[in-house]
Amino acid sequence: MSKKTDWQFIFQFAADDFRNKYAGSLMGAAWAFIQPLMTIVIYWFIFQVGFGSKPVDGYPFILWLISGLIPWFFISECITSVTASMAEYSYLVKKVVFNIDILPLTRVMSCLFVQAFLVVITILFFAFFGYWPDIYYLQLPYYMLYMIVLLVGIGYITSALYPFFKDLLQIVNIIMQVIFWLTPMVWDFSIMPEMVQKILVFNPIYYIVEGYRNTLVHKEFFWENWQMGIYYWGIAILFLLLGKKVFQKMKPHFADVL
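These figures come from a predicted structure and were not determined experimentally. (Residues numbered from 1 in each chain as written. Predicted model: local features only at pLDDT ≥ 70, side-chain atom pairs only at ≥ 80, totals over all residues. Heavy atoms only, no water.)

(A) The arrangement of the pattern of salt bridges in detail. Inspection of every chain in the model, using the stated rule, returns five salt bridges. K198 is paired through a salt bridge with E194; the nearest N and O atoms lie 3.7 Å apart. Residue K198 and its partner E194 are both found in helix 9 (residues 194–200); the two are separated by four residues, about one turn of the helix. In this structure K198 comes out as partly exposed when scored by relative accessible area, which is 49%. Three or more residues joined by partner-sharing salt bridges are found here, namely D101, K244 and K251. (Salt bridge = Lys/Arg side-chain N within 4 Å of Asp/Glu carboxyl O. Helix = DSSP H or I, 4+ residues; strand = E, 2+ residues; numbered from the N terminus. Buried < 20%, exposed > 50% of the residue type's maximum accessible area, 1.4 Å probe, protein only.)

And the structure:
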């Protein structure tokens, strides 16, 4: 099978996975978009209406908020979805002829459909407020690619361990909550003490959130801080290599525990 055909199969499998996830519900796939949009409304109401949050760099608070939350929806959905992928596709895992290595990747691709839609909605929302697309928007695919590499690597690890440790999904959910509040998505990074800021920047999720904000709000190119960029890509590639190694080591035993 050619590489082109392989990627066509992965894309089709991801599309089927996306449809099957919401099959049988009245609203169908619309729930994939309604939930993040409602989350944005809730955080906007709490922080702007309740706490009186001010504009950031001349941008309305709602735009600053959206630019940080949009990538998080992709990250959180991917990690939880990929973690359970081996168990949910156990009937494929037990088939000798099926290449189960693609399952974590297809789950990430499935989540990417929603992310692409939300990015388009975000761009339109910025335009509605008078902030039209500019050259900085061209780096959005760069940050999306970084997310894919990082999340596929993490997904290989969690999906390989989940069949042997079913409590892992609950632990992952708790860790995701901690990461959410340690990453400046709904709060301004500058409120933290300088020493804390120096520690938090090493969080790879920070790179993604700030990358979206640098693109949409702060107007900075990713190469302006290329030293940290090398670090973040090193972390992503390390997760990918480690994830593949863990997955390959655990793979022969999946059928026995599922």
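(B) Spatial organisation of helix 11 (residues 226–250). Across its 25 residues, helix 11 extends 36 Å between first and last C-alpha, which sits within 8% of the 36 Å expected from 1.5 Å per residue. M228, G229, Y232, I235, A236, G243 and F247 are the residues of helix 11 that are buried. Taken together, the buried residues of helix 11 touch helix 4 (85–88), helix 6 (102–128), helix 7 (140–161), helix 10 (204–218) and helix 12 (254–257). (Expected span 1.5 Å × (residues − 1). Contact = heavy atoms within 4.5 Å.)

(C) Structural context of unusual backbone geometry. Of note in this structure, K219 is not a glycine but carries a positive phi near 60°. Along the chain, K219 falls in the loop between helix 10 and helix 11.

(D) Here's a closer look at the environment of I34. Mapped onto the elements, I34 comes out in helix 2 (residues 31–50). Overall, the relative accessible area of 27% leaves I34 in the partly exposed class. It is 24 Å that separates the C-alpha atoms of I34 and E210, two residues lying 176 residues apart in sequence.

(E) Examining the state of the cysteines more closely. Within this structure, the stated rule accounts for zero disulfides. Unpaired in this structure, C78 has its nearest cysteine sulfur neighbour in C111, at a distance of 3.7 Å. For C111, a relative accessible area of 5% corresponds to the buried category. (Disulfide = S-S within 2.5 Å.)

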